[in-house]
Each structure stands twice: as structure tokens, then as C-alpha cells.
Amino acid sequence: MSSSSTPVLIRHASAHRFELGRGEVIRISTPDGGQGGDFSFVGFDQAVTRNAIGWELHGRPWLAFSADPGSKLYDGDGEPVLEVLAAVGDGRNDIMYPGCWSGVYEDGRPGCRDLISEALGIERRELTGMLSFFINHTVENDTYRGLAEVSLSPGDHLELKALRDCVCAISACPDADIPGWTAGPLEVTVSGPGPE
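Here we summarise the structure given alongside this text. (Residues numbered from 1 in each chain as written. Predicted model: local features only at pLDDT ≥ 70, side-chain atom pairs only at ≥ 80, totals over all residues. Heavy atoms only, no water.)

### Digging into the overall build of the chain
A count of helical and extended segments in the chain gives two helices and 12 strands. Reading the helices (α) and strands (β) of the chain from amino to carboxyl end gives β-β-β-β-α-β-β-β-α-β-β-β-β-β. Relative to the 2.2 N^0.38 estimate, which gives 16 Å for 196 residues, the radius of gyration of the chain is 16 Å and therefore close to what a compact globule would have. Along the first, second and third principal axes, the C-alpha set of the chain runs to 45 × 40 × 35 Å. Here the chain, with 196 residues, has 46% of them falling under the buried criterion. Put simply, of all contacts in the chain between residues at least 6 apart along the chain, 78% involve residues at least 24 apart. Here the chain displays about 9300 Å² of accessible surface, and carbon together with sulfur accounts for 49% of that area. Here the chain contributes 15 positively and 29 negatively charged side chains, and the mean placements of these two sets differ by 3 Å. (Helix = DSSP H or I, 4+ residues; strand = E, 2+ residues; numbered from the N terminus. Rg over C-alpha atoms; globule rule 2.2 N^0.38 Å. Buried < 20%, exposed > 50% of the residue type's maximum accessible area, 1.4 Å probe, protein only. Contact = heavy atoms within 4.5 Å. Areas by Shrake-Rupley, 256 points an atom, 1.4 Å probe, with all protein chains shown as cover. Lys, Arg positive; Asp, Glu negative; His and termini not counted. Charge placed at Lys NZ, Arg CZ, Asp CG, Glu CD.)

Below, the structure written as C-alpha cells:
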């Protein structure tokens, strides 16, 4: 029988740290259908993850844009750490962008890289990968354009299962200009481990 944690509300422009044991499932949802954000864990390697997903899907060293259900997130050693179980709602789990930081905002507000690195207790430069959830994109010959309009509904969510013990963090993005986002909270629960 799995147990479930008390839901944690992550307010707009903030982040929270979670310690996951092997087999535990973390669920990130948007209760009012208006907030996206970023997810990371200590050691997350976006480039290795993109390449590993490409190999899994196509048997070639192609790069994937997103981590869909069934995809795994890898560390720098090429070891899987988490698996995407579900992605319900509009938008994808973008694994292209590094997350924003204070230097890209005119007002100097902390971006998701700042918020997540602080929650993890590491320097921002040590943050090696991000997964941006509830994101849409378009691709052209020379440009990948993320942050396209998204249409979220209350309860849309992302679920990830820890394949081994890990420390992760989730941010509710501080950007209020992404089409479809309305600066609401995120709700996070941790459950399990359930049956293998």
C-alpha cells in the first residue's frame, strides 16, 4: 500500500526541495490551471538525457526535445534517475531550455535557475539540467522556440518516479508573460513506494 504526503503548495516565483526514495512518485499539478515551472535534481544532465531518449526512440544519436511518459531522466554518468510516468494536459516536458536566471530579467528577479539552485543548496553554476513543464514549442530550420502558448486546465499534472534515491526541486516560474500562464500556485505530492 502506498502512502501519500501532505500536498505542498509552491507559490508563484518560489521553489521547494524534495528528497525522494527509490520507488516514490512525485506529482506536480496546477490546481487553478495557470502555472508552469521547472524541475531538476542534483546531477541532472539535460544533454545526456536528450541523447539517451533519442537512442531509445530511434536507435540513433538523435536529440529529443521533450521527456514524455516512459522517458527517463539521466545523470552525467548516463544512469537513469527518474522516469516520467504521466504528463496530463497541454504542453510538453521541455528538456531544451536551461531555465531562466536573474540576469535575463530587466528587474533582476530570481529566475527558476536561481530558485531551484537555492532550494537544492548548491551554487547556480552547479545546476546542470532543467526540465520545464507545461511548455509548448515550435521548431524551424535554425531555431527552437519554446514558451509558445499553452492551454492549461485545473488538475493538469506531471508525475515522475524515482528509480533511485535523489534530491530534487521544483519551481513555480516567476515569469508572468508566458501565454497561458496566470501566476497561480503548483501543488506537489509524494507517494509510494508502491508495488514494483
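### Re the packing of aromatic side chains
Across all of its chains, the model carries four aromatic pairs by this definition. Look at F65 and Y144: their rings are 5.0 Å apart centre to centre, the planes differ by 50 degrees, and that puts the pair in the tilted class. One end of the pair, F65, is in the loop between α1 (46-58) and β5 (72-74); the other, Y144, is in strand β9 (residues 144-148), with 79 residues separating them in the sequence. Using a relative accessible area of 32% as the deciding quantity, one classes F65 as partly exposed. Aromatic side chains Y97 and Y144 sit 5.8 Å apart centroid to centroid with 70 degrees between the ring planes, which places their arrangement in the edge-to-face category. One end of the pair, Y97, is in the loop between β7 (92-94) and α2 (112-120); the other, Y144, is in strand β9, and 47 residues separate them in sequence. The class for Y97 is partly exposed, based on a relative accessible area of 28%. The structure contains a cluster of three or more aromatic residues connected by ring pairs, namely F65, Y97 and Y144. Above the ring of Y105, the side-chain terminus of R109 is found at 4.3 Å from the ring centroid. (Phe/Tyr/Trp six-rings, centres within 6.5 Å; stacked < 30°, edge-to-face > 60°. Lys NZ or Arg CZ within 6 Å of the ring centre and 35° of its normal.)

### So, the environment of A67
Here A67 is to be found in the loop between α1 and β5. Spatially, the C-alpha atoms of A67 and E83 are 8.9 Å apart, while their sequence positions differ by 16 residues. Other than its neighbours up to four places away in sequence, A67 contacts I53, L73, V84, N93, I95 and L131.

### Quick notes on the sheet that holds β5
The strand order β1-β12-β3-β10-β6-β5 describes an open sheet built from six strands, whose pairing is antiparallel. Two strands close off the open sheet at either side, each with one partner strand: β1 (8-10) and β5. Between one strand and the next, the sheet's axes are offset by a mean angle of 25 degrees, whatever the strand orientation. Where β5 meets strand β6 (residues 80-88), three bridges bridge the pair, whose relative direction is antiparallel. In the strand pairing of β6, Y74 is matched with P80. (Pairing = 2+ DSSP bridges. Axes fitted to C-alpha atoms, helices over the stretch in contact; angles between N-to-C directions.)

### Observations concerning the state of the cysteines
A complete count under the given rule lists zero disulfides for this structure. You can see C166 has no disulfide; the closest cysteine sulfur is in C168, sitting 5.3 Å from it. (Disulfide = S-S within 2.5 Å.)

### Focus: the pairing of strand β10 (residues 157-162)
When you tally the buried positions in β10, you get five out of six residues, the bulk of the element. Bridging between strand β3 (residues 25-29) and β10 involves five bridges; their strand directions are antiparallel. Note on β10: the bridge partner recorded for I26 is L160. Pairing geometry for β6 and β10, over six bridges, is antiparallel. Each residue of the ladder has a partner; that of A87, found in β10, is L158.

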